[in-house]
Amino acid sequence: MLAPTQTMLTTERRPLAELADIAAPWRALAARAAEPNVFYDPDFALAAAPVLGRGVEAILVWSAAAPRRLLGLFPFTIATRRYGVKLPLMVGWTHPFGPLGTPLIDRDACAEVVTAFLDHVAGDDALPKYLLLPLLHEAGAVAAALQAGLAHGACAAFGRHQRAMLRPEGDRAAYLEHAIGRKRRKELRRQRHRLADAGTLSFSPAQAPGDIAPALADFLAVEAAGWKGRAGTAIAQHAGIRRFVETAVAALAARGQARVARLLLQAQPIACAVTLTSGNGAWGWKISYDERCAGGSPGVQLYLDLTAAMLEEPAIAFVDSCATPDHPMIDHLWRERLPIADWLIALEPGATFGLACRLETARRHAVTLARRLRERLRRRGE
(Lines give C-alpha, C1' and ligand atoms only; values in the text may rest on other atoms or scores of the structure.)
Protein backbone atom coordinates (compact mmCIF):
# COMPACT_ATOMS: atom_id res chain seq x y z
CA MET A 1 0.00 0.00 0.00
CA LEU A 2 1.18 3.51 -0.81
CA ALA A 3 1.06 6.54 1.44
CA PRO A 4 -2.34 8.29 1.16
CA THR A 5 -2.69 11.59 -0.66
CA GLN A 6 -4.41 14.58 0.94
CA THR A 7 -5.15 16.57 -2.21
CA MET A 8 -7.57 15.67 -4.98
CA LEU A 9 -5.57 15.35 -8.19
CA THR A 10 -6.23 13.74 -11.56
CA THR A 11 -3.82 11.72 -13.67
CA GLU A 12 -3.60 10.62 -17.28
CA ARG A 13 -1.20 8.63 -19.45
CA ARG A 14 -0.31 9.92 -22.92
CA PRO A 15 2.38 9.46 -25.60
CA LEU A 16 5.13 12.04 -25.11
CA ALA A 17 5.26 12.98 -28.80
CA GLU A 18 1.58 14.05 -28.65
CA LEU A 19 1.99 16.57 -25.82
CA ALA A 20 2.58 19.68 -27.94
CA ASP A 21 -1.01 20.70 -27.17
CA ILE A 22 -0.12 21.17 -23.48
CA ALA A 23 3.17 22.99 -24.10
CA ALA A 24 2.01 26.11 -22.24
CA PRO A 25 1.05 24.42 -18.93
CA TRP A 26 4.05 22.10 -19.32
CA ARG A 27 6.35 25.10 -19.66
CA ALA A 28 4.76 26.70 -16.61
CA LEU A 29 5.39 23.51 -14.62
CA ALA A 30 9.05 23.48 -15.69
CA ALA A 31 9.40 27.05 -14.40
CA ARG A 32 8.06 26.20 -10.94
CA ALA A 33 9.45 22.67 -10.61
CA ALA A 34 10.75 21.52 -7.24
CA GLU A 35 13.88 20.46 -9.12
CA PRO A 36 14.43 21.99 -12.57
CA ASN A 37 15.34 19.62 -15.38
CA VAL A 38 15.89 21.28 -18.73
CA PHE A 39 15.87 17.90 -20.50
CA TYR A 40 12.20 17.54 -19.58
CA ASP A 41 11.41 21.10 -20.68
CA PRO A 42 8.90 20.91 -23.56
CA ASP A 43 11.18 22.77 -25.97
CA PHE A 44 13.89 20.16 -25.42
CA ALA A 45 11.80 17.02 -24.91
CA LEU A 46 9.49 17.53 -27.90
CA ALA A 47 12.51 18.15 -30.16
CA ALA A 48 14.20 14.99 -28.87
CA ALA A 49 11.10 12.78 -29.08
CA PRO A 50 11.24 11.92 -32.83
CA VAL A 51 14.81 10.58 -32.65
CA LEU A 52 15.37 9.64 -28.99
CA GLY A 53 11.87 9.13 -27.62
CA ARG A 54 10.32 6.35 -29.65
CA GLY A 55 7.71 4.63 -27.49
CA VAL A 56 8.07 7.15 -24.67
CA GLU A 57 4.91 7.97 -22.73
CA ALA A 58 4.21 10.29 -19.82
CA ILE A 59 2.01 10.19 -16.78
CA LEU A 60 0.60 13.66 -16.18
CA VAL A 61 -0.70 14.86 -12.83
CA TRP A 62 -3.23 17.71 -12.90
CA SER A 63 -4.96 19.77 -10.25
CA ALA A 64 -8.64 18.90 -10.11
CA ALA A 65 -9.84 22.35 -9.09
CA ALA A 66 -10.13 25.24 -11.54
CA PRO A 67 -8.02 26.72 -12.91
CA ARG A 68 -6.58 23.35 -13.91
CA ARG A 69 -2.81 23.25 -13.67
CA LEU A 70 -0.23 20.67 -14.67
CA LEU A 71 1.53 19.63 -11.45
CA GLY A 72 3.64 16.66 -12.51
CA LEU A 73 5.19 15.07 -15.58
CA PHE A 74 6.81 11.61 -15.48
CA PRO A 75 8.18 10.43 -18.87
CA PHE A 76 8.85 6.70 -19.20
CA THR A 77 9.17 3.69 -21.46
CA ILE A 78 8.21 0.07 -20.81
CA ALA A 79 10.91 -2.57 -21.05
CA THR A 80 9.21 -5.94 -21.24
CA ARG A 81 12.36 -8.06 -21.21
CA ARG A 82 15.04 -5.88 -19.72
CA TYR A 83 16.72 -8.71 -17.80
CA GLY A 84 16.30 -11.53 -20.29
CA VAL A 85 13.44 -12.86 -18.17
CA LYS A 86 9.83 -11.78 -18.24
CA LEU A 87 9.91 -9.01 -15.68
CA PRO A 88 8.19 -5.92 -17.12
CA LEU A 89 9.65 -2.63 -15.98
CA MET A 90 8.78 1.06 -16.28
CA VAL A 91 11.95 3.01 -17.06
CA GLY A 92 12.28 6.78 -16.69
CA TRP A 93 13.28 8.46 -19.94
CA THR A 94 16.94 9.38 -20.28
CA HIS A 95 19.27 9.21 -23.28
CA PRO A 96 22.82 10.26 -24.21
CA PHE A 97 21.69 13.84 -24.74
CA GLY A 98 19.49 13.98 -21.62
CA PRO A 99 21.61 12.91 -18.63
CA LEU A 100 19.12 13.66 -15.84
CA GLY A 101 15.99 11.69 -14.99
CA THR A 102 14.42 13.78 -12.23
CA PRO A 103 10.71 14.23 -13.13
CA LEU A 104 9.05 17.64 -13.15
CA ILE A 105 6.95 18.18 -10.02
CA ASP A 106 5.35 21.38 -8.76
CA ARG A 107 7.38 22.68 -5.83
CA ASP A 108 4.21 23.48 -3.84
CA ALA A 109 2.74 19.98 -4.12
CA CYS A 110 5.70 17.62 -4.32
CA ALA A 111 4.48 14.94 -1.88
CA GLU A 112 0.91 14.92 -3.20
CA VAL A 113 2.03 14.69 -6.85
CA VAL A 114 4.44 11.83 -6.18
CA THR A 115 1.71 9.92 -4.33
CA ALA A 116 -0.76 10.52 -7.18
CA PHE A 117 1.81 9.23 -9.68
CA LEU A 118 2.54 6.10 -7.63
CA ASP A 119 -1.18 5.48 -7.11
CA HIS A 120 -1.76 5.77 -10.87
CA VAL A 121 0.95 3.19 -11.60
CA ALA A 122 -0.36 0.86 -8.88
CA GLY A 123 -3.91 1.09 -10.19
CA ASP A 124 -3.21 0.74 -13.93
CA ASP A 125 -3.25 -2.97 -14.80
CA ALA A 126 -1.41 -2.25 -18.06
CA LEU A 127 1.63 -0.80 -16.26
CA PRO A 128 4.43 -2.82 -14.61
CA LYS A 129 4.76 -2.48 -10.85
CA TYR A 130 8.53 -2.13 -11.05
CA LEU A 131 10.03 1.27 -11.87
CA LEU A 132 13.60 2.15 -12.74
CA LEU A 133 14.27 5.87 -12.40
CA PRO A 134 17.73 6.45 -13.91
CA LEU A 135 20.04 9.37 -13.16
CA LEU A 136 17.97 10.65 -10.26
CA HIS A 137 19.31 13.38 -7.96
CA GLU A 138 19.43 11.47 -4.69
CA ALA A 139 19.62 14.45 -2.34
CA GLY A 140 16.75 16.41 -3.83
CA ALA A 141 13.12 17.07 -2.96
CA VAL A 142 11.84 14.56 -5.54
CA ALA A 143 13.88 11.68 -4.14
CA ALA A 144 12.73 12.55 -0.63
CA ALA A 145 9.09 12.59 -1.76
CA LEU A 146 9.50 9.24 -3.49
CA GLN A 147 10.94 7.72 -0.33
CA ALA A 148 8.08 9.10 1.74
CA GLY A 149 5.46 8.01 -0.80
CA LEU A 150 6.60 4.39 -0.69
CA ALA A 151 4.92 3.59 2.60
CA HIS A 152 5.23 -0.15 2.05
CA GLY A 153 7.10 -0.31 -1.23
CA ALA A 154 10.76 -1.14 -1.72
CA CYS A 155 13.62 0.79 -3.27
CA ALA A 156 17.24 -0.02 -4.17
CA ALA A 157 19.91 2.26 -5.66
CA PHE A 158 22.33 1.30 -8.42
CA GLY A 159 25.17 3.11 -10.13
CA ARG A 160 25.71 5.63 -7.37
CA HIS A 161 28.17 8.34 -8.36
CA GLN A 162 28.85 12.05 -8.04
CA ARG A 163 29.38 14.49 -10.84
CA ALA A 164 30.88 17.94 -10.71
CA MET A 165 28.60 20.90 -10.25
CA LEU A 166 28.92 24.62 -9.61
CA ARG A 167 26.93 25.71 -6.58
CA PRO A 168 28.68 28.76 -5.15
CA GLU A 169 28.13 29.72 -1.54
CA GLY A 170 29.30 33.01 -0.10
CA ASP A 171 31.59 35.21 -2.20
CA ARG A 172 30.89 34.25 -5.81
CA ALA A 173 33.58 36.59 -7.12
CA ALA A 174 36.28 34.65 -5.26
CA TYR A 175 35.00 31.19 -6.19
CA LEU A 176 37.59 30.31 -8.83
CA GLU A 177 40.47 31.57 -6.72
CA HIS A 178 39.40 29.29 -3.87
CA ALA A 179 38.48 26.33 -6.10
CA ILE A 180 41.74 26.18 -8.06
CA GLY A 181 45.06 25.76 -6.28
CA ARG A 182 47.87 28.25 -6.76
CA LYS A 183 50.06 25.86 -8.72
CA ARG A 184 47.19 24.93 -11.04
CA ARG A 185 46.28 28.60 -11.60
CA LYS A 186 49.88 29.33 -12.57
CA GLU A 187 49.86 26.49 -15.09
CA LEU A 188 46.56 27.66 -16.57
CA ARG A 189 47.94 31.18 -17.00
CA ARG A 190 51.00 29.74 -18.76
CA GLN A 191 48.76 27.78 -21.14
CA ARG A 192 46.64 30.84 -21.85
CA HIS A 193 49.73 32.87 -22.70
CA ARG A 194 50.79 30.05 -25.01
CA LEU A 195 47.50 30.34 -26.89
CA ALA A 196 47.71 34.14 -26.96
CA ASP A 197 51.18 33.95 -28.50
CA ALA A 198 49.50 32.72 -31.68
CA GLY A 199 47.16 35.72 -31.91
CA THR A 200 44.32 37.62 -30.28
CA LEU A 201 42.40 35.47 -27.80
CA SER A 202 38.83 36.46 -26.90
CA PHE A 203 35.77 35.11 -25.08
CA SER A 204 32.60 35.37 -27.15
CA PRO A 205 29.29 34.45 -25.43
CA ALA A 206 26.18 34.21 -27.63
CA GLN A 207 22.77 34.35 -25.98
CA ALA A 208 20.54 36.50 -28.19
CA PRO A 209 18.41 34.29 -30.46
CA GLY A 210 19.93 35.80 -33.59
CA ASP A 211 23.45 35.02 -32.42
CA ILE A 212 22.83 31.43 -31.39
CA ALA A 213 22.63 29.77 -34.83
CA PRO A 214 26.10 30.81 -36.09
CA ALA A 215 27.65 30.05 -32.69
CA LEU A 216 26.02 26.59 -32.66
CA ALA A 217 27.28 26.01 -36.21
CA ASP A 218 30.80 26.72 -34.95
CA PHE A 219 30.32 24.22 -32.12
CA LEU A 220 29.17 21.52 -34.56
CA ALA A 221 32.06 22.18 -36.95
CA VAL A 222 34.69 22.07 -34.19
CA GLU A 223 33.21 18.86 -32.79
CA ALA A 224 33.13 17.17 -36.22
CA ALA A 225 36.78 18.09 -36.81
CA GLY A 226 37.89 16.27 -33.66
CA TRP A 227 37.89 12.73 -32.31
CA LYS A 228 34.10 12.44 -32.43
CA GLY A 229 34.22 13.10 -36.15
CA ARG A 230 36.85 10.40 -36.60
CA ALA A 231 34.75 8.01 -34.52
CA GLY A 232 31.58 8.82 -36.49
CA THR A 233 29.74 10.09 -33.40
CA ALA A 234 29.74 13.84 -34.06
CA ILE A 235 26.30 15.47 -34.03
CA ALA A 236 26.77 16.91 -37.53
CA GLN A 237 27.22 13.41 -38.96
CA HIS A 238 23.68 12.31 -38.06
CA ALA A 239 20.87 14.27 -39.69
CA GLY A 240 18.18 13.40 -37.15
CA ILE A 241 20.35 14.21 -34.14
CA ARG A 242 21.54 17.44 -35.72
CA ARG A 243 17.95 18.49 -36.44
CA PHE A 244 16.96 17.76 -32.84
CA VAL A 245 19.92 19.71 -31.42
CA GLU A 246 19.36 22.73 -33.65
CA THR A 247 15.60 22.72 -32.99
CA ALA A 248 15.95 22.37 -29.21
CA VAL A 249 18.67 24.99 -28.85
CA ALA A 250 16.81 27.49 -31.06
CA ALA A 251 13.54 26.98 -29.17
CA LEU A 252 15.23 27.35 -25.78
CA ALA A 253 17.22 30.37 -26.97
CA ALA A 254 13.99 32.08 -28.02
CA ARG A 255 13.02 31.96 -24.32
CA GLY A 256 16.45 32.94 -23.02
CA GLN A 257 17.28 29.38 -21.95
CA ALA A 258 20.28 28.59 -24.17
CA ARG A 259 23.68 30.11 -24.79
CA VAL A 260 26.76 29.15 -26.78
CA ALA A 261 30.12 30.43 -25.57
CA ARG A 262 33.21 30.41 -27.80
CA LEU A 263 36.89 30.98 -27.23
CA LEU A 264 38.22 32.68 -30.35
CA LEU A 265 41.79 32.82 -31.59
CA GLN A 266 42.21 35.38 -34.33
CA ALA A 267 38.38 35.41 -34.56
CA GLN A 268 38.28 31.63 -35.20
CA PRO A 269 36.64 29.27 -32.68
CA ILE A 270 39.04 26.97 -30.86
CA ALA A 271 36.56 25.90 -28.17
CA CYS A 272 32.76 26.04 -27.91
CA ALA A 273 30.34 25.21 -25.08
CA VAL A 274 26.55 24.92 -25.13
CA THR A 275 24.79 25.74 -21.85
CA LEU A 276 21.06 25.26 -21.22
CA THR A 277 19.02 26.78 -18.40
CA SER A 278 15.73 26.15 -16.64
CA GLY A 279 14.42 27.75 -13.47
CA ASN A 280 17.37 28.69 -11.28
CA GLY A 281 19.65 26.02 -12.78
CA ALA A 282 21.95 25.58 -15.76
CA TRP A 283 23.48 22.57 -17.49
CA GLY A 284 26.90 22.44 -19.13
CA TRP A 285 25.49 20.38 -21.96
CA LYS A 286 28.12 20.11 -24.69
CA ILE A 287 31.70 21.19 -25.34
CA SER A 288 34.07 20.90 -28.30
CA TYR A 289 37.60 22.14 -28.86
CA ASP A 290 40.18 22.38 -31.61
CA GLU A 291 42.64 19.54 -31.02
CA ARG A 292 45.39 21.45 -32.82
CA CYS A 293 45.42 23.83 -29.84
CA ALA A 294 45.36 21.08 -27.21
CA GLY A 295 48.66 22.23 -25.69
CA GLY A 296 46.96 25.38 -24.48
CA SER A 297 43.92 23.55 -23.02
CA PRO A 298 41.34 25.62 -24.93
CA GLY A 299 38.39 23.79 -23.37
CA VAL A 300 39.62 24.55 -19.86
CA GLN A 301 40.33 28.17 -20.79
CA LEU A 302 36.83 28.53 -22.18
CA TYR A 303 35.28 27.06 -19.04
CA LEU A 304 37.29 29.46 -16.88
CA ASP A 305 35.76 32.39 -18.77
CA LEU A 306 32.31 30.80 -18.85
CA THR A 307 32.39 30.04 -15.11
CA ALA A 308 33.39 33.61 -14.30
CA ALA A 309 30.50 34.88 -16.44
CA MET A 310 27.94 32.59 -14.76
CA LEU A 311 29.20 33.53 -11.31
CA GLU A 312 28.18 37.09 -12.15
CA GLU A 313 24.56 35.96 -12.65
CA PRO A 314 22.86 35.61 -9.26
CA ALA A 315 19.80 34.09 -10.94
CA ILE A 316 21.87 30.95 -11.63
CA ALA A 317 21.98 29.05 -8.34
CA PHE A 318 23.70 25.93 -9.70
CA VAL A 319 25.24 24.49 -12.85
CA ASP A 320 25.22 20.74 -13.47
CA SER A 321 28.31 19.74 -15.45
CA CYS A 322 26.56 16.71 -17.03
CA ALA A 323 30.04 15.16 -16.86
CA THR A 324 31.13 11.63 -16.09
CA PRO A 325 32.40 10.92 -12.56
CA ASP A 326 36.01 11.96 -11.86
CA HIS A 327 36.13 14.04 -15.02
CA PRO A 328 39.73 15.16 -15.65
CA MET A 329 38.78 18.73 -16.57
CA ILE A 330 35.69 20.01 -14.81
CA ASP A 331 36.31 18.23 -11.49
CA HIS A 332 39.29 20.54 -10.94
CA LEU A 333 37.31 23.73 -11.64
CA TRP A 334 33.98 23.06 -9.91
CA ARG A 335 34.26 21.67 -6.39
CA GLU A 336 30.64 20.86 -5.52
CA ARG A 337 29.17 17.44 -6.33
CA LEU A 338 25.74 16.22 -7.42
CA PRO A 339 24.84 12.76 -6.03
CA ILE A 340 23.24 10.65 -8.77
CA ALA A 341 21.85 7.11 -8.82
CA ASP A 342 19.42 4.84 -10.61
CA TRP A 343 16.52 3.86 -8.34
CA LEU A 344 14.73 0.55 -8.74
CA ILE A 345 11.32 0.76 -7.09
CA ALA A 346 8.82 -2.02 -6.40
CA LEU A 347 5.26 -0.95 -5.66
CA GLU A 348 4.37 -4.50 -4.63
CA PRO A 349 7.54 -5.85 -3.00
CA GLY A 350 8.04 -9.55 -2.59
CA ALA A 351 10.44 -12.32 -3.46
CA THR A 352 10.73 -11.07 -7.03
CA PHE A 353 12.23 -7.74 -5.88
CA GLY A 354 15.35 -9.53 -4.66
CA LEU A 355 15.52 -11.31 -8.01
CA ALA A 356 15.12 -8.00 -9.86
CA CYS A 357 17.98 -6.48 -7.86
CA ARG A 358 20.27 -9.42 -8.58
CA LEU A 359 19.44 -9.36 -12.27
CA GLU A 360 19.97 -5.62 -12.48
CA THR A 361 23.39 -6.04 -10.84
CA ALA A 362 24.29 -8.80 -13.32
CA ARG A 363 23.08 -6.72 -16.27
CA ARG A 364 25.21 -3.75 -15.24
CA HIS A 365 28.24 -5.99 -14.80
CA ALA A 366 27.75 -7.34 -18.33
CA VAL A 367 27.42 -3.83 -19.74
CA THR A 368 30.64 -2.76 -18.00
CA LEU A 369 32.54 -5.76 -19.37
CA ALA A 370 31.24 -5.09 -22.90
CA ARG A 371 32.29 -1.44 -22.65
CA ARG A 372 35.80 -2.39 -21.55
CA LEU A 373 36.09 -4.88 -24.39
CA ARG A 374 35.06 -2.21 -26.93
CA GLU A 375 37.65 0.16 -25.50
CA ARG A 376 40.38 -2.47 -25.81
CA LEU A 377 39.42 -3.21 -29.40
CA ARG A 378 39.33 0.48 -30.23
CA ARG A 379 42.81 1.03 -28.81
CA ARG A 380 44.20 -1.90 -30.79
CA GLY A 381 42.74 -0.45 -33.96
CA GLU A 382 44.37 2.96 -33.43
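Let us look at the structure shown here. The structure presented is a predicted model; accordingly, all values stated were derived computationally and were not measured.

The rules we used
Residues numbered from 1 in each chain as written. Predicted model: local features only at pLDDT ≥ 70, side-chain atom pairs only at ≥ 80, totals over all residues. Heavy atoms only, no water. Core = buried A, V, L, I, M, F, W, Y, C linked by side-chain atoms within 4.5 Å. Buried < 20%, exposed > 50% of the residue type's maximum accessible area, 1.4 Å probe, protein only. Contact = heavy atoms within 4.5 Å. Helix = DSSP H or I, 4+ residues; strand = E, 2+ residues; numbered from the N terminus. Pairing = 2+ DSSP bridges. Salt bridge = Lys/Arg side-chain N within 4 Å of Asp/Glu carboxyl O. Phe/Tyr/Trp six-rings, centres within 6.5 Å; stacked < 30°, edge-to-face > 60°. Lys NZ or Arg CZ within 6 Å of the ring centre and 35° of its normal. 1 Å grid on protein atoms, 1.4 Å probe; cavity = no way out; pocket = protein on both sides within 12 Å on 5 of 7 lines; lining within 4 Å. Points joined across faces, edges and corners; volume = space filled by probe spheres on them. Nonpolar A, V, L, I, M, F, W, Y, C, P; charged D, E, K, R; others polar.

## Here's the deal with the nonpolar core
Counting residues in hydrophobic clusters, the biggest one holds 53 residues, and the most contacted among them are Phe39, Phe44, Phe244, Val245, Leu276 and Trp285. Sequence-distant contacts of valine 245, that is, excluding residues within four places in its chain, are made with Phe97, Leu216, Ile235 and Trp285. In this structure, Leu166, Ala271, Ala273 and Ala282 belong to the second largest nonpolar core, which totals 31 residues.

## Describing the pairing of strand β2 (residues 57-63)
On a regular strand, each side chain points to the face opposite its neighbour's, so the side chains alternate between the two faces of the sheet. Of all seven residues making up β2, seven are buried, and the element is well covered by its neighbours. Where burial is concerned, the two faces of β2 agree: the one with Glu57, Ile59, Val61 and Ser63 and the one with Ala58, Leu60 and Trp62 are both buried. As paired elements, strand β1 (residues 9-15) and β2 share seven bridges and run antiparallel to each other. Across the sheet, leucine 9 pairs through a bridge with serine 63, a residue of β2.

## What to know about the pattern of salt bridges
Considering all chains together, one arrives at 20 salt bridges under this definition. Where aspartate 43 meets arginine 255, a salt bridge forms, and the shortest distance between an N and an O atom there is 3.3 Å. Pair noted here: aspartate 43 is in helix α2 (residues 42-52) and arginine 255 is in the loop between α9 (239-253) and β9 (258-265), with a separation of 212 residues, a long-range link. Aspartate 43 gets classed as buried once you look at its relative accessible area, which sits at 12%. Taking relative accessible area as the criterion, arginine 255 reaches 47% and is therefore assigned partly exposed. For glutamate 313, the salt bridge goes to arginine 259, with nearest N and O atoms at 2.6 Å. A residue pair is termed long-range when its members are at least 10 positions apart, and glutamate 313 in the loop between α10 (298-311) and β12 (318-320) and arginine 259 in strand β9 qualify at 54 residues. On the accessibility criterion, glutamate 313 (25% relative accessible area) is partly exposed. Salt bridges sharing common partners tie together Asp342, Glu360, Arg363 and Arg364.

## Regarding the packing of aromatic side chains
In this description, an aromatic ring pair is defined by two values, namely the gap between the centres and the angle between the planes. Using the criterion set out here, one finds 12 aromatic pairs in the structure. Residues phenylalanine 39 and phenylalanine 44 carry aromatic rings whose centres are separated by 5.2 Å and whose planes lie at 75° to one another, so their mutual orientation is edge-to-face. Judged by its relative accessible area of 1%, phenylalanine 39 is buried. Between phenylalanine 44 and phenylalanine 244 the ring centres are 5.3 Å apart and the planes differ by 90°, which places this aromatic pair in the edge-to-face class. Of this pair, phenylalanine 44 sits in helix α2 while phenylalanine 244 sits in helix α9, placing them 200 residues apart in sequence. Cluster of aromatic residues (ring-pair linked, three or more members): Phe39, Phe44, Phe97, Phe244, Trp283, Trp285 and Phe318. A cation over a ring is seen here: arginine 68 above tryptophan 62, with NZ or CZ 4.1 Å from the ring centre.

## Details of empty space enclosed by the protein
Scanning the model with the defined rule gives one cavity of 30 Å³ or more in all. Counted as a void, the largest cavity has a volume near 80 Å³. Around the largest cavity, the lining residues are Tyr40, Phe74, Pro75, Phe76, Met90, Val91, Gly92, Gly101, Pro103, Phe117, Leu131 and Leu133. Among the secondary structure elements, those contributing two or more residues to the lining of the largest cavity are β3 (70-79), β4 (89-92) and β6 (130-137). Its residues assigned to classes, the lining of the largest cavity comprises 10 nonpolar, two polar and no charged.

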